[in-house]
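Chain residues, written in single-letter form:
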Amino acid sequence: MLRFNNQWRFDSPGPIEPGVVSDFLNLINRISGQGSRKAILEHFKSAFAAAAGIPYHSSSDASWAASDLDRAMDEAAANAPLFIDAFYSGCEQLQQRNPEMALPDATRINRILTEHGAGYQIDLPNLIATRTHIPITVPEQAPSLDAQARALIDTALQATERALAEGNGRQAVQEVLWLLETVSTAFRSDEIFDGSIQGRYFNKIIGELKSRGRGGHQDQILQWMMTLHGYLSSPTGGGVRHGVDLRDGLAFHINEARLYCNLIRSYITFLIGEHERLSGRSS
């Protein structure tokens, strides 16, 4: 069983998205091709009946088992966490009994949850409500950045949110850290400090910005930015750039990944604002 807020077992936080129900049913039908169809349908019907709090009765044949499974899933769909747990736990139980059977893992389930905006993700051994994560907004329009730069920003931010929704914290941080490095290269433009910033890498570019900057708050912000980048890049820190030290490296928890992503998004927003100001295009 997945771990989640115990109150969700008694007071539903809301129903599951309809698309999740149909996609889980499609997966069950695929799974049932690897053994006794009726037995596998009964297995999942029992799990969803328990989630719905309704009695379980064995069906007379596979056709009735399929119909009864549909009804059990519809009943269980009223409580999204219990619905997800019923499917995940059903798959895990089948895997234990049939090690050779191909079954969807947490990543595959998370992808379905993400595609339908279910608002939950599996971060083993937990089930987490993802709608509590509100990403820091990055400006959609930045006149000083060209269309190609805007497209890169949009693509990387979408990849970051998708990775977070699927529980891939390290990948999410890697995507947005890459974006921070990419946005920093915009300061090598001829219209910023007459093109005098020549550094090709993040730390050099930010260091040059500090040396030409206003000091005070800006200097502190840029220093925090460099510190976070250095920590996340280090093998004994985040390890997202150079690999993780097998002895001293640290694993990412999804909540930590969300925090890092929001911090980096706020720094990206700051850099875009500074680029607008320095290029003379800020309002």
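Provided above is the structure to which this section pertains.
Structural notes, computed from the coordinates. (Residues numbered from 1 in each chain as written. Predicted model: local features only at pLDDT ≥ 70, side-chain atom pairs only at ≥ 80, totals over all residues. Heavy atoms only, no water.)

Our focus in this paragraph is the packing of aromatic side chains. Counted under the stated rule, the structure contains six aromatic pairs. With a centroid separation of 4.2 Å and an interplanar angle of 20°, the aromatic rings of Phe 24 and Phe 87 are classed as stacked. Linking Phe 24 in helix 1 (residues 18-31) with Phe 87 in helix 4 (residues 80-97), this pair joins segments that are 63 residues apart in sequence. By relative accessible area, Phe 87 is classed as buried at 0%. The interplanar angle of 25° and the centroid separation of 5.7 Å between the aromatic rings of Phe 44 and Phe 87 together place this pair among those described as stacked. You can see Phe 44 sitting in helix 2 (residues 37-52) and its partner Phe 87 sitting in helix 4, a full 43 residues away along the chain. In terms of burial, Phe 44 and Phe 87 fall into one category: buried. Site record: aromatic cluster; members linked through ring pairs are Phe 24, Phe 44, Phe 48, Phe 83 and Phe 87. (Phe/Tyr/Trp six-rings, centres within 6.5 Å; stacked < 30°, edge-to-face > 60°. Helix = DSSP H or I, 4+ residues; strand = E, 2+ residues; numbered from the N terminus. Buried < 20%, exposed > 50% of the residue type's maximum accessible area, 1.4 Å probe, protein only.)

Position of Glu 181 among the secondary structure elements: in helix 7 (residues 169-184). A relative accessible area of 15% means that Glu 181 is categorised as buried. Within polar-contact distance, the side chain of Glu 181 engages the side chain of His 229 at 2.7 Å. When near neighbours in sequence (up to four residues on either side) are disregarded, Glu 181 contacts Phe 202, His 229 and Arg 241. (Polar contact = N/O pair within 3.5 Å; in protein donor to acceptor, adjacent residues only side chain to side chain. Contact = heavy atoms within 4.5 Å.)

It is worth spelling out unusual backbone geometry at this point. Omega for the bond connecting Leu 124 with Pro 125 falls within 30 degrees of zero, at 5°, which places this linkage in the cis form. By the element assignment, Pro 125 lies in the loop between strand 1 (120-123) and strand 2 (126-129).

Okay, the pairing of strand 2 next. Here strand 1 pairs with strand 2 via four bridges, running antiparallel. When the bridges of strand 2 are listed, Tyr 120 appears paired with Ala 129. Taken together, strand 1 and the strand that follows it, strand 2, pair antiparallel across an intervening segment of two residues. (Pairing = 2+ DSSP bridges.)

One pass over the full model with this rule turns up one cavity of 30 Å³ or more. Considering only enclosed or pocket space, the largest cavity measures out at about 60 Å³ in volume. Lining of the largest cavity is provided by Phe 187, Phe 193, Leu 209, Gly 213, Gln 218, Leu 222, Phe 270, Leu 271, Glu 274, Arg 277 and Leu 278. Contributing elements (two or more residues each) for the lining of the largest cavity: helix 9 (216-233) and helix 10 (254-278). Of all the elements, helix 10 adds the most residues to the lining of the largest cavity, at five residues. The residue makeup of the lining of the largest cavity, split by class, is seven nonpolar, two polar and two charged. (1 Å grid on protein atoms, 1.4 Å probe; cavity = no way out; pocket = protein on both sides within 12 Å on 5 of 7 lines; lining within 4 Å. Points joined across faces, edges and corners; volume = space filled by probe spheres on them. Nonpolar A, V, L, I, M, F, W, Y, C, P; charged D, E, K, R; others polar.)

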